[in-house]
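Structural characterization, general
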Amino acid sequence: PTGRVGALAPCHPPLVPLGFGMSSSVLIATVGGLGHVRWAPGTWGSAVGVPVGLLTAWFVPLPWSLILCGVSFGICAWSCTQAARSLGQSDPSAVILDEVWAMAFVIIALPRLRASWPLLLAAFLLFRAFDIVKPPPLRRLERLPEGWGIMADDLGAALYTIGTLWLGTSMIPQ
């Protein structure tokens with residue numbers, strides 16, 4: 001987490017049984033409560049993004065997939081805002097919808113990933129590395145207000161991943 005709204009807000013909210021005391025925005029932004037896993041919640045969110053991205057890429061034509069990514073970015077930012085407010089933190093680690101969205105976006109944007117498990121694994125590892133290390137200007141993007149900041153740094157990590165893989169794979173003959 002980058003900061004806290006409430007002075008006594010915990011880093012990880014207590015585990016709450018699904019459907020009991022969890023608002024719908026928290027349920028969505030924590031991907032059904034998966035974000036409450038204490039070990040590497042962002043990695044779990046990224047892992048969920050893999051089948052989401054693959055299914056979208058397989059069944060929705062590329063132009064429509066990219067439009068869907070654009071529209072869903074705003075919806076995800078709104079959901080992350082509501083969840084962060086409910087949890088009393090500016091960027092709760094339990095909110096993993098941003099990782100799901102970003103990993104899916106990487107897969108949709110790079111069609112070669114669908115045909116290569118090694119490239120898909122490389123995309124996953126690169127995205128996690130960029131999301132954790134946050135090379136410039138990702139830290140600055142993270143400071144955007146509420147859900148926009150939660151989503152923007154992951155968009156940046158996704159773009160770094162896409163650029164790195166695009167450059168790397170363009171040098172490999174098909």
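See the structure shown above.
So, here's what we can say about the structure. (Residues numbered from 1 in each chain as written. Predicted model: local features only at pLDDT ≥ 70, side-chain atom pairs only at ≥ 80, totals over all residues. Heavy atoms only, no water.)

Counted by the stated rule, this structure contains four aromatic pairs. Geometrically, the ring pair formed by W101 and F105 is stacked, given 5.1 Å between the ring centres and 15° between the ring planes. A residue pair is termed a helical-turn pair when its members lie 3 or 4 positions apart in one helix, as W101 and F105 do in helix α4 (residues 97–109) at four residues. Neither residue differs from the other here; W101 and F105 are each classed as buried. Grouped by ring-pair contacts, the aromatic residues F73, W101, F105 and W148 constitute a single cluster. (Phe/Tyr/Trp six-rings, centres within 6.5 Å; stacked < 30°, edge-to-face > 60°. Helix = DSSP H or I, 4+ residues; strand = E, 2+ residues; numbered from the N terminus. Buried < 20%, exposed > 50% of the residue type's maximum accessible area, 1.4 Å probe, protein only.)

An α-helical turn contains 3.6 residues, so any two residues separated by three or four positions project in the same direction. Look at α4: 18 Å from first C-alpha to last across 13 residues, which is about the 18 Å you get at 1.5 Å a residue. Burial analysis of α4 places twelve of its 13 residues in the buried class, which makes it a mostly covered element. Burial in α4 covers these residues: L97, D98, E99, V100, W101, A102, M103, A104, F105, V106, I107 and I108. Those residues of α4 that are buried lie in contact with α1 (24–29), α2 (41–59), α3 (62–87), α5 (117–133) and α7 (146–170). (Expected span 1.5 Å × (residues − 1). Contact = heavy atoms within 4.5 Å.)

Here we come to α2. For α2, with 19 residues, the first-to-last C-alpha span of 28 Å sits near the 27 Å given by 1.5 Å per residue. Buried residues of α2: P41, G42, G45, S46, G49, V50, G53, L54, T56 and A57, and no others. Next to the buried residues of α2 lie α3, α4 and α5.

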